[in-house]
Structure formats: C-alpha cells, structure tokens
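In case you want the letters, here they are:
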Amino acid sequence: MTTSLGSDRALDSPAWHSLHGEHARFAQVHGRAARYHSDVSPFHALADPDDPRSWDDLAALVPPGEPVVLAGFGERPGPGWQVAHSGAGVQLIDVALRAEPDPEAVVLTAEDVPEILDLIGRTQPGPYLRRTIELGTYLGLRHRGDLIAMAGERLRPPGFTEISAVCTDPAHRGRGLATRLIRAVAAGIRSRGETPFLHTGAANTGAIRLYEKLGFELRRTVDFTAYQRA
C-alpha cells in the first residue's frame, strides 16, 4: 500500500496526532503539550517544539522529576529543559507489504498482560506498560500454551497505525514468527483503510533489513529523547 505525496505529514509527530485523535481517551493535555496516561505509554508530545510556550505547558503538565520522552525533535530542549539521554531510531512505512491473517495468532487481552510483560522483559523490543494493550489489537503465537511471540498496534495518527512490540522468545527465533505476526497485524490495519508504519533503533540493522524485505521503506530518521528540567 502506498501513500500519496504529502499525505503522511501526521507521521512527523505521530504521538501528538494520536493523542488528539484515536487515542484522546488516553490523553492528558495542557495547552500545547500532551502525554499518555503514565501506565499506558511513556510518550509525550508538543504542538511545536520551537515554541517556548509548548515547553512551558509541558512543565505545567508533568510533575517535577518525572521523565519526559519526546520523539523526532532532534534533541532540541526548550528553555528550562535539558537532554537526559537520547537514542537514534528510524521510521519505516509500508509500501509493498503482503498483509494476511494468521490462523494460529490469538488476540491478547488484559488477562495476558503478566505473560506479555515477561516476554517483553526478556526480549526488550521497547517500552510496554500495564495498559499498553488498550492502545490497539495485540496478537500472539503460543507453543505448548506459552506465549512465544507477539506484535500489535500502538500509535494511531490519522490514516496510519504503528506496528509495535514485535518480539520473539530467543528459543523460538529463526522460524519466521515475527514475519507472520507483522503480516497479521497489518491485515487488521489495512482492513480499516489505514497504512502500517513502525519504528526501530537505527543500530538494529537486522530488524531494518527484515522490515525492508517485507515491504517497508525508510521514511526518516528519528530520535527518542528523554528530557528533564534544567
């Protein structure tokens, strides 16, 4: 699936557009700053990182000492803020993915969260909190009853859905489980007329090669930066 030129601008700030759209029920908003509930996602967002008023609103929204995570602004702290740490990433978008349901994939629910968190802890695909499962559909594959692989939906800017939490138990890698789940999650996204996209670390070259082989295309580089008050 391809997107027309200019129609993907929401992906420049996907958290902001998600919090003011499909994920508004998970949002805390103060003027030009927004954030997810702290047990749903660690992401925050600004209307305009070059506007000092956005950073002032962020300071009013977030209690002192609480970490702030922003993506895609290029480590540009506003007045009164400083960078705590940052990681380089990439954003890829679906241009030729073969999406298809997987008959063995099961929909994960809140009852599966302890097992999900255990798998996340062992594989480290990125942040996943107690209520992250509420952001979208998460699918899993099981072996002898144990959850061995999963993937699901996270950010949802208009017209797009992010595929996230793609992970496989180390003992079951090399069997194409991640590929199956990516295609299955994408099938659900496509059924809504939306386009899948995803993020991964810039140093995760193996994952990037896999995603490009499946039909994703690099859209841009993106930083994931934690800020704190200066």
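Residues numbered from 1 in each chain as written. Predicted model: local features only at pLDDT ≥ 70, side-chain atom pairs only at ≥ 80, totals over all residues. Heavy atoms only, no water.

Q: Would you mind going over the sheet that holds strand β5 (residues 81–94) with me for this structure?
A: Adjacent strands of a sheet pair through backbone hydrogen bonds, lying either parallel or antiparallel. If you walk across this open sheet you meet the eight strands as β4-β11-β5-β10-β9-β8-β7-β6, and the pairing is mixed. The two strands at the open ends of the sheet, each matched to only one other strand, are β4 (68–71) and β6 (106–107). Two elements, β5 and strand β10 (residues 195–201), share five bridges in a ladder whose sense is antiparallel. Following the sheet pairing, Leu-92 is matched in β10 by Leu-198. Helix-sheet contacts for helix α3 (residues 113–123) involve β7 (138–143), β8 (146–153) and β9 (160–168), and the interaxial angle to β8 is about 90 degrees. (Pairing = 2+ DSSP bridges. Helix = DSSP H or I, 4+ residues; strand = E, 2+ residues; numbered from the N terminus. Contact = heavy atoms within 4.5 Å. Axes fitted to C-alpha atoms, helices over the stretch in contact; angles between N-to-C directions.)

Q: Quick question: what am I supposed to make of the sheet that holds strand β2 (residues 33–36) here?
A: Taken in spatial order, the three strands line up as β1-β2-β3 in an open sheet, and their pairing is antiparallel. Among the strands making up the open sheet, the edge pair consists of β1 (27–30) and β3 (44–46). For this sheet, the mean inter-axis angle between neighbouring strands, taken without regard to orientation, is 15 degrees. Both β2 and β3 contribute to a ladder of three bridges, which runs antiparallel. Within β3, the residue paired with Arg-35 across the bridge is His-44. Its contacts with the sheet put helix α2 (residues 52–61) on β1, β2 and β3, and the angle it makes with β2 is roughly 40 degrees.

Q: What am I meant to see in unusual backbone geometry here?
A: Apart from glycine, the bulk of residues carry a negative phi angle, and the bulk of peptide bonds sit in the trans form. One non-glycine residue with positive phi stands out, namely Gln-124, at about 55 degrees. On the accessibility criterion, Gln-124 (60% relative accessible area) is exposed. Although it is not a glycine, Arg-144 sits at a positive phi angle of roughly 55 degrees. Structurally, the position occupied by Arg-144 is in the loop between β7 and β8. (Buried < 20%, exposed > 50% of the residue type's maximum accessible area, 1.4 Å probe, protein only.)

Q: What exactly am I supposed to notice about the environment of Ala-59 here?
A: Here Ala-59 lies in helix α2. Considering only alpha carbons, one finds Ala-59 and Gly-215, 156 residues apart in sequence, at a separation of 40 Å. Sequence-distant contacts of Ala-59, that is, excluding residues within four places in its chain, are made with Trp-81 and Arg-229.

Q: Please explain the nonpolar core as it appears in this structure.
A: The nonpolar side chains of soluble globular proteins are, as a tendency, buried together. Ranked by size, the top nonpolar core spans 25 residues in total, and within it Leu-141, Ile-163, Val-166, Leu-181, Ile-182, Tyr-211 and Phe-216 carry the most contacts. Broken down by secondary-structure element, the contributors of at least two residues to this core are β5, β7, β8, β9, α4 (177–191) and α5 (205–214). For this core, the leading source of residues is α4, giving eight residues. Ignoring anything within four residues of it in the chain, the contact list for Ile-182 reads Leu-97, Ile-163, Val-166, Tyr-211, Leu-214 and Phe-216. If you look at the next biggest cluster of nonpolar residues, it comprises 16 residues, including Ala-15, Ala-34, Ala-45 and Leu-135. (Core = buried A, V, L, I, M, F, W, Y, C linked by side-chain atoms within 4.5 Å.)

Q: Explanation requested: the packing of aromatic side chains in the structure shown.
A: Note on aromatic pairs: each is described by the distance of the centres and the angle between the planes. Inspection of every chain in the model, using the stated rule, returns six aromatic pairs. Note on Trp-55 and Trp-81: the rings are 5.8 Å apart at their centroids and 50 degrees apart in plane angle, and the pair reads as tilted. Within this pair, whereas Trp-55 is found in helix α2, its partner Trp-81 is found in strand β5, the two being separated by 26 residues in sequence. The exposure class assigned to Trp-55 is buried, which follows from its relative accessible area of 0%. With a centroid separation of 6.1 Å and an interplanar angle of 70 degrees, the aromatic rings of Tyr-211 and Phe-216 are classed as edge-to-face. (Phe/Tyr/Trp six-rings, centres within 6.5 Å; stacked < 30°, edge-to-face > 60°.)

Q: Is there a simple way to think about the confidence of the model for the protein in this case?
A: Detailed reading of the predicted coordinates is not advisable wherever pLDDT is low. Per-residue confidence for the protein averages 95 on the pLDDT scale, and 97% of its residues sit at or above 70. Low pLDDT, under 50, characterises residues 1–6; the predicted model gives this stretch 10 contacts beyond four residues in sequence or across chains. (pLDDT = per-residue confidence, 0-100.)

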